[in-house]
Amino acid sequence: MAVEVSDAPEARRYEARIDGASEVAGFADYIRTTELIAFVHTEVTPQCEGKGVGSALVRVSLDEARAAGLRVLATCPFYAGWIARHPEYGDLLYQARSNVSD
């Protein structure tokens with residue numbers, strides 16, 4: 001079984017398909033700016049859960065973010081948890097740079 005992940009910028013999401021199927025097995029919605037990509041929601045179809053679809057979505061999208069020089073804001077709990085378990089991607093996380101305080 002091969003999970004193929006591609007960016008669908010017109011839909012503002014990454015999509016995963018299994019073995020070249022036309023139907024989407026899972027997707028990761030995002031909001032992208034010139035400096036940042038925020039992953040806001042990830043969903044895998046029930047019949048594809050446990051087959052590595054979610055992990056493939058995260059890994060490919062984060063590798064592409066790194067290649068594009070983007071910071072990552074992981075508001076999606078799946079992304080946040082995955083990055084916490086894979087510290088080699090921690091350097092991508094967005095850090096607020098403001099020094100403003102009350």
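Look up: the structure comes first, before these words.
Residues numbered from 1 in each chain as written. Predicted model: local features only at pLDDT ≥ 70, side-chain atom pairs only at ≥ 80, totals over all residues. Heavy atoms only, no water.

A.B. asks: Can you help me understand the overall build of the chain in this one?
C.D. replies: Across its full length, the chain carries two helices and five strands. For the chain, the sequential pattern of α-helices and β-strands runs β-β-β-β-α-β-α. C-alpha atoms of the chain, sized along the principal axes, occupy 50 × 30 × 25 Å. Scored against the burial criterion, the 102 residues of the chain give a buried share of 35%. Sequence-distant contacts in the chain: of pairs separated by 6 or more residues, those separated by 24 or more amount to 37%. Separation of charge centres in the chain, based on 10 positive and 15 negative side chains, amounts to 3 Å. (Helix = DSSP H or I, 4+ residues; strand = E, 2+ residues; numbered from the N terminus. Buried < 20%, exposed > 50% of the residue type's maximum accessible area, 1.4 Å probe, protein only. Contact = heavy atoms within 4.5 Å. Lys, Arg positive; Asp, Glu negative; His and termini not counted. Charge placed at Lys NZ, Arg CZ, Asp CG, Glu CD.)

A.B. asks: Before we go on, may I ask you to explain the pattern of salt bridges in this structure?
C.D. replies: If the charged atoms of two oppositely charged side chains come close together, the side chains can form a pair. Considering all chains together, one arrives at three salt bridges under this definition. A salt bridge links arginine 13 to glutamate 15, with the shortest nitrogen-to-oxygen separation between them at 2.9 Å. Here the two residues arginine 13 and glutamate 15 agree in accessibility, since each one is buried. For arginine 17, the salt bridge is made with glutamate 15, and the minimal N-O distance between the two is 3.2 Å. If you follow the salt bridges from partner to partner, you end up with Arg13, Glu15 and Arg17 in one network. (Salt bridge = Lys/Arg side-chain N within 4 Å of Asp/Glu carboxyl O.)

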